[in-house]
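Read off the chains here:
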Amino acid sequence: MSARFGGRTGLRGKLTQWLPGRRPKEAVGADDREALLLAAAAAGLPLAPAAHPAGYRCSCDRVGCPTPARHPVSFAWQTQSTTDRAQIECWARHQPQANFITATGMTHDVLDVPLDAGREALERLLAAGIEVGPVAESDDGRLLFFTLTRGTPEDEDEWWPCELDCHPETMDEHPGLRWHCRGSYVLVPPARLPGDQSVHWVRGPEHELPDPLSLLEVLTDSCARYAGEEPAQASWPMRQ
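All values derive from a computational prediction rather than experimental measurement.

Draft legend 1. Highlighting the pattern of salt bridges. Enumeration over the complete set of coordinates arrives at eleven salt bridges. We note a salt bridge from Glu-89 to Arg-85, for which the minimum N-O separation is 3.2 Å. Taken together, the residues span about one helical turn, with Glu-89 and Arg-85 both in helix H4 (residues 85–94) at a distance of four residues. The exposure class assigned to Glu-89 is buried, which follows from its relative accessible area of 18%. For Arg-119, the salt bridge identified is with Glu-137, shortest N-O distance 3.1 Å. One end of the pair, Arg-119, is in helix H5 (residues 115–127); the other, Glu-137, is in strand S6 (residues 135–138), with 18 residues separating them in the sequence. Here the salt bridges do not stand alone but share partners, grouping Glu-34, Arg-85, Glu-89 and Arg-93 into one network.

Draft legend 2. Local environment of the sheet that holds strand S10 (residues 191–193). With antiparallel pairing, six strands are arranged side by side in an open sheet as S8-S5-S7-S6-S11-S10. Looking at the sheet topology across the chains shown, the edges are occupied by strand S8 (178–180) and S10. Averaged over all pairs of adjacent strands, the angle between their axes in this sheet comes to 25 degrees, without regard to strand direction. With seven bridges joining them, strand S5 (residues 108–114) and strand S7 (residues 142–148) adopt antiparallel strand pairing. Note on S7: the bridge partner recorded for Val-110 is Phe-146. H5 rests against S5, S6, S7 and strand S11 (197–203) of the sheet, and its axis sits at about 45 degrees to S7.

Draft legend 3. How the structure looks around the packing of H5 against helix H6 (residues 213–227). Packing of H5 against H6 leaves a shortest axis separation of 8 Å and a crossing angle of 140 degrees. By the angle between their directions, the pair H5 and H6 is classed as oblique. Crossing of H5 over H6 shows right-handed handedness. Counting all contacts with H5, which are made through Asp-116, Ala-117, Glu-120, Ala-121, Arg-124 and Leu-125, the residues of H6 involved are Ser-214, Leu-215, Val-218, Leu-219, Asp-221, Ser-222, Cys-223, Arg-225 and Tyr-226. A class-by-class count of the residues in the contact of H5 with H6 yields eight nonpolar, two polar and five charged.

Draft legend 4. Structural detail: the side chain of Thr-147. Following the sequence through the fold, Thr-147 ends up in strand S7. Excluding anything up to four places from it in sequence, Thr-147 contacts His-108, Asp-109, Leu-111, Leu-209, Pro-210, Asp-211, Pro-212 and Leu-215.

Draft legend 5. A look at the sheet that holds strand S9 (residues 185–188). One open sheet accounts for three strands, arranged S1-S4-S9; its pairing is antiparallel. Taken across any chain shown, the strands that pair with only one partner, and hence form the sheet edges, are strand S1 (47–50) and S9. Across the sheet, the mean angle separating the axes of adjacent strands is 40 degrees when strand polarity is ignored. Of the pairings in the sheet, the one linking strand S4 (residues 99–103) to S9 comprises four bridges and is antiparallel in character. The residue bridging Ala-103 from the neighbouring strand is Tyr-185, located in S9. Contacts from H4 reach S1 and S4, with the element oriented near 15 degrees to S1.

Draft legend 6. Structural detail: the nonpolar core. Membership of the largest hydrophobic core comes to 29 residues, with the highest contact counts inside it found for Leu-47, Phe-146 and Val-188. Among the elements of the structure, helix H2 (30–42), S1, H4, S4, S7, S9, S10 and S11 are those that each provide at least two residues to this core. Looking at this core, the element that brings in the most residues is H2, giving five residues. Sequence-distant contacts of Val-188, defined by excluding residues within four places in its chain, comprise Leu-37, Ala-40, Leu-45, Leu-47, Phe-100, Ile-101, Thr-102 and Trp-201. Core analysis: the next-biggest nonpolar cluster, separate from the first, contains 20 residues, Leu-111, Val-113, Leu-177 and Trp-179 among them.

Draft legend 7. Structural context of unusual backbone geometry. A cis amide bond, omega -5 degrees, links Pro-189 with the succeeding residue Pro-190. Mapping Pro-190 onto the fold places it in the loop between S9 and S10. One non-glycine residue, Ala-69, lies in the positive phi region at around 65 degrees. When you line up the elements, Ala-69 lands in the loop between strand S3 (57–58) and helix H3 (77–80). You can call Ala-69 buried: its relative accessible area is 0%. With a phi angle near 60 degrees, Asp-196 is a residue other than glycine that sits in the positive phi range. If you trace the backbone, Asp-196 turns up in the loop between S10 and S11.

Cut-offs and rules
Residues numbered from 1 in each chain as written. Predicted model: local features only at pLDDT ≥ 70, side-chain atom pairs only at ≥ 80, totals over all residues. Heavy atoms only, no water. Salt bridge = Lys/Arg side-chain N within 4 Å of Asp/Glu carboxyl O. Helix = DSSP H or I, 4+ residues; strand = E, 2+ residues; numbered from the N terminus. Buried < 20%, exposed > 50% of the residue type's maximum accessible area, 1.4 Å probe, protein only. Pairing = 2+ DSSP bridges. Axes fitted to C-alpha atoms, helices over the stretch in contact; angles between N-to-C directions. Contact = heavy atoms within 4.5 Å. Parallel < 35°, antiparallel > 145°, perpendicular 65-115°, else oblique. Left-handed = near helix turned anticlockwise from the far one by under 90°. Nonpolar A, V, L, I, M, F, W, Y, C, P; charged D, E, K, R; others polar. Core = buried A, V, L, I, M, F, W, Y, C linked by side-chain atoms within 4.5 Å.

Next up, the structure:
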């Protein structure tokens, strides 16, 4: 089973058909799930196991979990996250129900926007010929734009911590643009949410990661119009 992308074989044909409004109707099978996870890792997205739905609850032991099926299973998720194929295959086969998160701020960031604003922005970006990387849609109303990171461990002074409203659990409190970078994570497709919802690719990981600054103007403008405000109330990563 191949998981090579972007010049590349594998699931490219299937993934590039996942455009807005064209979700696959059938559930993702075990083979497709593993291939999609390996494709994300091959694109440089470090992965770690996450919780999964247990009915309308979370698979974790926490009573009243505030983020059911949306959080890592280990407190060491930042150091656990990896792109190693063998490790991901092992996790996927031994934890067949698990979702996976990808740790941001290591090799990539994620610009997280309300669904309607994100769809409008995606159309505008593509129409303008701007390079757009992988994009995921969450059925709970968010669109996730995957980009290059603005800082790396080798360039510590350029690292931006993710301390404002970029944490996944603050989504309801801060509906505008959220920049997931150092210290944050997002669910990576395919992922299941309570209530028969999911996180799925709109544009798969075969697309090259763009510089986030190339997307910001259009995303913030769309978020401002979606919120009926000028300017948009966005959360920006702050330098340490």
